[in-house]
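Notes for the structure review
Single-letter residue listing:
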Amino acid sequence: TEKLTLFFAATAFYFVAIIIGAIVLLFVTMSVSDYLSQFLKPYYVYLIIAAFYLLVFVAVYLMKNVLFLNPIARFVSKIMLNPPVNDLSNDETK
């Protein structure tokens, strides 16, 4: 149960971190588009931002093994394969 607890705690943490990161990214995108719309027409600004996100998506997709699959596999195997550490100091004194 300790391993399952660690797994669910890490999953919940990363889920919350992704949600907060998406909200921050939304506000940064709105700020950048508002700033760039002072110099360019709005549809050019939206095309530039969409192209940037497309480039980021392609880069993340090409590096998916390094960024996602390998770290998740390492994390799960570390949790599942390592035995739990027991505190034996109390048992030896009895």
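Relevant structure appears above.
Anyway, here's the lowdown on the structure attached to this text. (Residues numbered from 1 in each chain as written. Predicted model: local features only at pLDDT ≥ 70, side-chain atom pairs only at ≥ 80, totals over all residues. Heavy atoms only, no water.)

At a minimum axis separation of 9 Å, helix α1 (residues 2-36) and helix α3 (residues 64-81) run at an interaxial angle of 160°. It follows that α1 is roughly antiparallel to α3 by the angle criterion. Where α1 crosses over α3, the two elements pack in a sense that is right-handed. Touching K3, L6, F7 and A10 of α1 are F75, V76, I79 and M80, all from α3. By residue class, the composition of the contact of α1 with α3 is seven nonpolar, no polar and one charged. (Axes fitted to C-alpha atoms, helices over the stretch in contact; angles between N-to-C directions. Helix = DSSP H or I, 4+ residues; strand = E, 2+ residues; numbered from the N terminus. Parallel < 35°, antiparallel > 145°, perpendicular 65-115°, else oblique. Left-handed = near helix turned anticlockwise from the far one by under 90°. Contact = heavy atoms within 4.5 Å. Nonpolar A, V, L, I, M, F, W, Y, C, P; charged D, E, K, R; others polar.)

Turning to the packing of aromatic side chains, a few remarks are in order. For the structure shown, the criterion picks out six aromatic pairs. On the basis of an interplanar angle of 55° and a centroid distance of 5.8 Å, the ring pair of F7 and F8 is categorised as tilted. When its relative accessible area of 28% is taken as the criterion, F7 is described as partly exposed. For the ring pair F13 and Y14, a centre distance of 5.3 Å and an interplane angle of 70° mean the geometry is edge-to-face. Residue classification places F13 among the exposed positions, given a relative accessible area of 56%. The exposed category is assigned to Y14, whose relative accessible area is 52%. (Phe/Tyr/Trp six-rings, centres within 6.5 Å; stacked < 30°, edge-to-face > 60°. Buried < 20%, exposed > 50% of the residue type's maximum accessible area, 1.4 Å probe, protein only.)

Attention now goes to the environment of M30. By the secondary structure assignment, M30 is in helix α1. Spatially, the C-alpha atoms of M30 and I49 are 9.9 Å apart, while their sequence positions differ by 19 residues.

As a volume, the largest pocket reaches approximately 280 Å³. Lining the largest pocket, in full, are F7, A10, T11, Y14, I18, L67, F68, P71, I72, F75 and V76. Only α1 and α3 provide two or more residues apiece to the lining of the largest pocket. Looking at the lining of the largest pocket element by element, the count peaks at six residues for α3. Considered class by class, the residues forming the lining of the largest pocket number 10 nonpolar, one polar and no charged. (1 Å grid on protein atoms, 1.4 Å probe; cavity = no way out; pocket = protein on both sides within 12 Å on 5 of 7 lines; lining within 4 Å. Points joined across faces, edges and corners; volume = space filled by probe spheres on them.)

As far as function goes, none of this settles anything; it's purely spatial.
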